[in-house]
Amino acid sequence: MEIKEAVRRSMFGVLICACVAMSAVAQGDDPTQDLLTTGRRSFDDLNYHAADSIARLTLGLPGLRRNQRLQALQLAAASRFPAGEREQFGDSAMAALRALVRVAPTAPLPRTMTWRGLDSLLAFARRTTFGANASVPDSAVISGVSGTLTFEAFATRPAAFTLRVVRAGDPSIGELVDSVGPTERGTLRFAPVVTDQPHYASGAYRVVITAIEPESGDRILLSYRMTLQTPPVQLQSVPQALDATTLRPERTAPARARSVISGIVIGGFVYASVRAYRSPSLKDANVKPDSRASGWGVGLGILTTALSWYLDRGRVIVPNAAANDAARKAWVIQRDNLVASNANARVAYRGLAYFAQEEQ
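Source: prediction; values computed, not measured.

## Structural notes on the environment of Arg-248
Thinking step 1. Here Arg-248 shows up in the loop between strand E6 (219-229) and helix H7 (256-276).
Thinking step 2. The spacing of Arg-248 and Ala-327 is 79 residues in sequence and 10.0 Å in space, taken between C-alpha atoms.
Thinking step 3. Not counting the four nearest positions on each side in its chain, Arg-248 is found in contact with Asn-320, Ala-323 and Asn-324.

Structure representation (structure tokens):
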């Protein structure tokens with residue numbers, strides 16, 4: 001008898017699916033969503049067997065979207081444990097609720113489908129089932145080069161959450177960008193730009209959030225497609241130093257000939273002084289001048305020439321020096337303005353991120 005009832009339900013469900021699919025194709029609608037709508041109508045008409053059959057068939061369809069899976073699980077749980085009915089299948093309803101809590105721990109049952117008994121089953125499923133999910137927006141703006149994208153992760157029990165970013169098509173586990181926990185609720189952050197040449201350039205990526213329950217090692221993986229629009233930061237080129245070729249000469253050329261003449265004059269003066277101012281007794285004795293006088297004259301001449309050569313930097317050209325000083329000050333102002341402009345560009349930078357959860 002039970003086998004005949006099961007066959008009858010299966011045939012009934014297949015017929016419903018076929019009718020809904022033909023109608024959806026004719027109207028260009030989503031056949032899976034239409035199937036769920038039919039199941040909800042069956043539930044509202046108190047035809048719980050039909051509603052459960054449609055929920056089972058929907059859950060077995062390939063390519064089921066996440067929101068459709070949640071609707072089917074809610075419909076299955078409510079159809080298997082309706083209010084005021086003798087035929088309540090608590091075990092199978094709990095199985096649907098556990099599957100619901102696993103991927104959507106905070107998802108409620110629709111108010112028109114639940115009642116006190118079913119709410120109690122859902123509360124028990126949440127207490128006894130490890131489930132995790134994350135709040136990820138459809139899109140987000142990256143404000144400034146240091147702007148971060150935030151994801152709120154939560155679980156029914158304390159869990160260690162990790163956030164990895166993987167380039168689309170890359171089989172590796174990607175780069176670990178943040179972690180938090182163990183906690184029942186935590187915030188994961190991801191900064192795509194960071195530098196003037198974005199750390200994650202524009203393109204397609206996957207964001208993988210993993211929740212691990214420390215005690216059991218049970219893990220839940222949440223995967224999202226991410227498209228980034230992160231162009232390079234538009235910056236002004238800042239010169240490191242003033243171009244020396246734009247400056248005017250500030251001094252005249254050193255007078256090297258004058259340095260040589262000064263040395264000759266000093267040396268000759270010393271030599272002549274020694275000969276002219278000898279002691280009278282030495283003159284009468286017809287004694288020759290000390291040869292060291294020549295050495296002193298030559299040495300002082302060379303020393304004078306060297307010092308004059310070294311110290312002679314030329315004469316200051318006052319108009320040119322003033323013009324160069326003004327040019328240097330103008331360059332400092334220009335450099336500071338460029339640095340400030342680049343700082344403002346980094347703050348004003350805007351990027352975009354788009355997300356879509358991958359089917360599970």
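## Here's the deal with the side chain of Thr-156
Thinking step 1. Along the chain, Thr-156 turns up in strand E3 (residues 149-167).
Thinking step 2. One polar contact links the side chain of Thr-156 to the main-chain carbonyl oxygen of Thr-129, over a distance of 2.7 Å.
Thinking step 3. When sequence neighbours within four positions are dropped, the list of residues in contact with Thr-156 reads Val-101, Pro-105, Arg-126, Thr-129, Phe-130, Gly-131 and Glu-184.

## Focus on the confidence of the model for the chain
Thinking step 1. Confidence in the prediction for the chain averages 81 pLDDT; 73% of positions are at 70 or higher.
Thinking step 2. Averaged over each element, pLDDT in the chain is lowest for helix H1 (residues 2-27) (46) and highest for strand E2 (residues 139-143) (95).
Thinking step 3. The low-confidence segment residues 1-8 (pLDDT under 50) makes zero contacts with residues lying over four places distant or belonging to another chain.
Thinking step 4. For residues 17-28, every residue scores under 50 in pLDDT, and the model assigns this stretch 11 contacts once sequence neighbours within four places are set aside.

## Considering the side chain of Thr-114
Thinking step 1. Relative to the assigned elements, Thr-114 resides in the loop between helix H5 (90-103) and helix H6 (116-128).
Thinking step 2. Polar side-chain contacts of Thr-114 include one of 2.6 Å to the side chain of Asp-119.
Thinking step 3. Sequence-distant contacts of Thr-114, that is, excluding residues within four places in its chain, are made with Leu-109 and Asp-119.

## Focus on the packing of aromatic side chains
Thinking step 1. Inspection of the entire model under this criterion finds five aromatic pairs.
Thinking step 2. Measuring from ring centre to ring centre gives 5.5 Å for Phe-151 and Phe-355, while their planes differ by 85°; the resulting arrangement is edge-to-face. With a gap of 204 residues between them, Phe-151 in strand E3 and Phe-355 in strand E7 (residues 350-357) connect regions that are remote in the sequence.
Thinking step 3. Its relative accessible area of 1% is what places Phe-151 among the buried residues.

Criteria and cut-off values
Residues numbered from 1 in each chain as written. Predicted model: local features only at pLDDT ≥ 70, side-chain atom pairs only at ≥ 80, totals over all residues. Heavy atoms only, no water. Helix = DSSP H or I, 4+ residues; strand = E, 2+ residues; numbered from the N terminus. Contact = heavy atoms within 4.5 Å. Polar contact = N/O pair within 3.5 Å; in protein donor to acceptor, adjacent residues only side chain to side chain. pLDDT = per-residue confidence, 0-100. Phe/Tyr/Trp six-rings, centres within 6.5 Å; stacked < 30°, edge-to-face > 60°. Buried < 20%, exposed > 50% of the residue type's maximum accessible area, 1.4 Å probe, protein only.

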